[in-house]
Amino acid sequence: MKFGTYVYEPEKAEGFDFHVLRVKLETGARIPPVQGMYSNIAVFADNAATRSHPDWISQSPLGPARMGNSNFNIYWDVVCATQPEHRAEQLDYIEDVDRHSLGVWLNSQYFADHSHCTCPRCNDLWKKSGLGWLEWRRKEVTGYIAQIRERVKKELVMCIQPDPVSSYERYGVDFDDLAKYADAFNVVMFSKSYATPWYWEMLARAFKKLLKKPVYISLYVYGPGDTVKDVPSAAELLTVSVRCARAGIDGILYLANGASQIRDFQKAAVDKVELRQRLQSYGGQPVQEVLDLVKNWEKIVE
Ligand SMILES: [Zn+2]
């Protein structure tokens, strides 16, 4: 297994195999990529783009993909996935970011959610395609990923929503299509509590069965603006890490604002001596790899 950090600030915490930097957020905010880190880019979720171009927002019978539309699981504005200017600008941007970092991890590279997008252009494209609605959406998503693959010379990782069953109907995402272009997948499993690890373990197992490329998962440690009360405990994070590891996944990323929050987590994890002992009996080699990682952190947090 491999272990990484997933951070908003370009500093590498010690004790991990790799680091993913959030260079373009769903807010549209961008920071420069860094040579020794991978770059994470939110493609269609982009508040800045919809602010400059209100007509670019993805449409549906339940309203637009706007922050605050509670019909959908959306926490930001999402651009229509066929918007040609946004697509072209993102292709150039992705190519440039790839050149200046270790590779690109994409998220929000698909439709906003189920029943998107019904803008006049999408309706037109769909009718001209002669395909069913869901198949047309899949073709649009896969076709754009193929274009991105031509631009990205280094590693290309597809971040996906933690929905193993309905991603095709909701986002136009076909896992086998994406696997043709992706070097790996990253299943985003962010939660401010991992109190019931059973569900996360089940999801990890489901994705490992479905996805035809290596599978990483991402866990939530400490986001921008959080306080200690907002975030999962080190005990929950250790337990859920071990339980997902034994489901056969290939790696775990830990999301935090920056390296200092990662170090706080490492220290708290190291201090869970009894729990680390108990977790020894939770599985075989993959569990041992998580516990060895924490053992290795002992030297770092002293
Ligand atoms: Zn549209």
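To be clear, the structure that these remarks concern was listed above.
Residues numbered from 1 in each chain as written. Predicted model: local features only at pLDDT ≥ 70, side-chain atom pairs only at ≥ 80, totals over all residues. Heavy atoms only, no water.

Draft legend 1. Seen up close, the environment of arginine 121. Within the secondary structure, arginine 121 is located in helix 3 (residues 120–129). For arginine 121, a relative accessible area of 27% translates into the label partly exposed. When the C-alpha atoms of arginine 121 and proline 84 are compared, they prove to be 10.0 Å apart, with 37 residues separating the residues in sequence. Contact partners of arginine 121, with chain neighbours within four places excluded, come to Cys80, Thr82, Gln83 and Pro84. (Helix = DSSP H or I, 4+ residues; strand = E, 2+ residues; numbered from the N terminus. Buried < 20%, exposed > 50% of the residue type's maximum accessible area, 1.4 Å probe, protein only. Contact = heavy atoms within 4.5 Å.)

Draft legend 2. Region of interest: the side chain of arginine 137. Among the structural elements, arginine 137 can be located in helix 4 (residues 133–151). No salt bridge is formed by the buried arginine 137; its nearest oppositely charged neighbour, aspartate 113, is found at 6.5 Å. Among the polar contacts made by the side chain of arginine 137, one reaches the main-chain carbonyl oxygen of glutamate 169 at a distance of 3.0 Å. (Lys, Arg positive; Asp, Glu negative; His and termini not counted. Salt bridge = Lys/Arg side-chain N within 4 Å of Asp/Glu carboxyl O. Polar contact = N/O pair within 3.5 Å; in protein donor to acceptor, adjacent residues only side chain to side chain.)

Draft legend 3. Representation of the coordination of the zinc ion within the structure. Coordination of the zinc ion by the protein is provided by Cys80 (SG), Cys117 (SG), Cys119 (SG) and Cys122 (SG), with metal-donor distances spanning 2.2 to 2.3 Å. Classification of the site at the zinc ion as tetrahedral follows from its four donor atoms and the range of 98 to 119° in their angles at the metal. All donors of the zinc ion come from a single chain, and their spacing in sequence reads C-x36-C-x1-C-x2-C. Of this pair, cysteine 80 sits in the loop between helix 1 (47–52) and helix 2 (84–99) while cysteine 119 sits in the loop between strand 4 (103–107) and helix 3; the two residues are 39 residues apart in sequence, bridging distant segments of the chain. Across the pair, exposure class does not vary: cysteine 80 and cysteine 119 are buried alike. (Donors = N, O, S within 2.8 Å, 3.2 Å for Na, K, Ca; no water. Tetrahedral: all angles 85-135°; square planar, octahedral: opposite > 155°, others 65-115°.)

Draft legend 4. Just the sheet that holds strand 3 (residues 38–42), in detail. Spatially, eight strands are ordered 1-2-3-4-5-6-7-8 in a closed barrel, and the strand pairing comes out parallel. Averaged over all pairs of adjacent strands, the angle between strand axes in this sheet comes to 30°, irrespective of strand direction. When strand 1 (residues 2–7) meets strand 2 (residues 18–24), the two strands line up parallel, connected through four bridges. Looking across to strand 2, one finds that tyrosine 6 is bridged to valine 20. (Pairing = 2+ DSSP bridges. Axes fitted to C-alpha atoms, helices over the stretch in contact; angles between N-to-C directions.)

Draft legend 5. Quick peek at helix 4. Helix length check: helix 4 (19 residues) gives 28 Å between terminal C-alpha atoms against 27 Å at 1.5 Å per residue, within 8%. Considering only its buried residues, helix 4 is in contact with helix 2, strand 4, helix 3, strand 5 (155–160), helix 5 (167–171) and helix 6 (175–181). (Expected span 1.5 Å × (residues − 1).)

Draft legend 6. Structural context of the packing of aromatic side chains. According to the stated counting rule, one finds 19 aromatic pairs in the structure shown. With a centroid separation of 5.1 Å and an interplanar angle of 55°, the aromatic rings of tyrosine 110 and tyrosine 171 are classed as tilted. You can see tyrosine 110 sitting in the loop between strand 4 and helix 3 and its partner tyrosine 171 sitting in helix 5, a full 61 residues away along the chain. In this structure, tyrosine 110 and tyrosine 171 share a single accessibility class: buried. Seen from their ring centres, tryptophan 126 and tryptophan 133 are 5.3 Å apart, and the 70° between their planes marks the pair as edge-to-face. Each member of the aromatic cluster is reached from another via a ring pair, and the members are Phe16, Tyr254, Phe265 and Trp297. It is arginine 30 that lies over the ring of tyrosine 93; its NZ or CZ is 4.3 Å from the centre. Positioned above the aromatic ring of phenylalanine 111 is the side chain of arginine 137, whose terminal nitrogen or guanidinium carbon lies 4.9 Å from the ring centre. (Phe/Tyr/Trp six-rings, centres within 6.5 Å; stacked < 30°, edge-to-face > 60°. Lys NZ or Arg CZ within 6 Å of the ring centre and 35° of its normal.)

Draft legend 7. Expanded view of the nonpolar core. Ranked by internal contacts, the top residues of the largest apolar core, which has 99 residues, are Ile41, Trp105, Leu106, Ile148, Leu219 and Tyr254. The biggest single contributor to this core is helix 11 (residues 285–301), with seven residues. Excluding residues that lie within four positions of it along the chain, tryptophan 105 makes contacts with Phe18, Val20, Tyr38, Ser39, Asn40, Ile41, Glu155, Val157, Cys159, Asn186, Tyr216 and Leu253. (Core = buried A, V, L, I, M, F, W, Y, C linked by side-chain atoms within 4.5 Å.)

Draft legend 8. Fine view of the pattern of salt bridges. Inspection of every chain in the model, using the stated rule, returns 26 salt bridges. Connected via shared salt-bridge partners are Asp92, Glu95, Asp96, Arg99 and Arg151.

Draft legend 9. How the structure looks around the pairing of strand 8 (residues 251–256). Judged by how many residues are buried, strand 8 sits mostly within the fold: six of six residues are covered. In strand 8, alternate side chains face the same way, and those of Gly251, Leu253 and Leu255 on one face and Ile252, Tyr254 and Ala256 on the other are all buried. As defined by bridge partners, strand 7 (residues 215–222) adjoins strand 8 across six bridges and the pair is classed as parallel. The partner of leucine 219 across the bridge, within strand 8, is tyrosine 254. Since strand 7 and strand 8 lie parallel, the crossover through helix 8 (residues 234–245) that links them has a hand, and here it is right-handed. (Right-handed = clockwise from strand over helix to strand, strands pointing away.)

Draft legend 10. Geometry of the packing of helix 7 (residues 197–210) against helix 8. Across the interface, helix 7 lies against helix 8 with an axial gap of 8 Å and an inter-helix angle of 30°. Taken as axis vectors, helix 7 and helix 8 run roughly parallel relative to one another. For the element pair helix 7 and helix 8, the recorded crossing hand is right-handed. The segment helix 7 lies against helix 8, with Pro197, Trp198, Trp200, Glu201 and Ala204 engaging Thr239, Val240, Arg243 and Cys244. Its residues assigned to classes, the contact of helix 7 with helix 8 comprises six nonpolar, one polar and two charged. (Parallel < 35°, antiparallel > 145°, perpendicular 65-115°, else oblique. Left-handed = near helix turned anticlockwise from the far one by under 90°. Nonpolar A, V, L, I, M, F, W, Y, C, P; charged D, E, K, R; others polar.)

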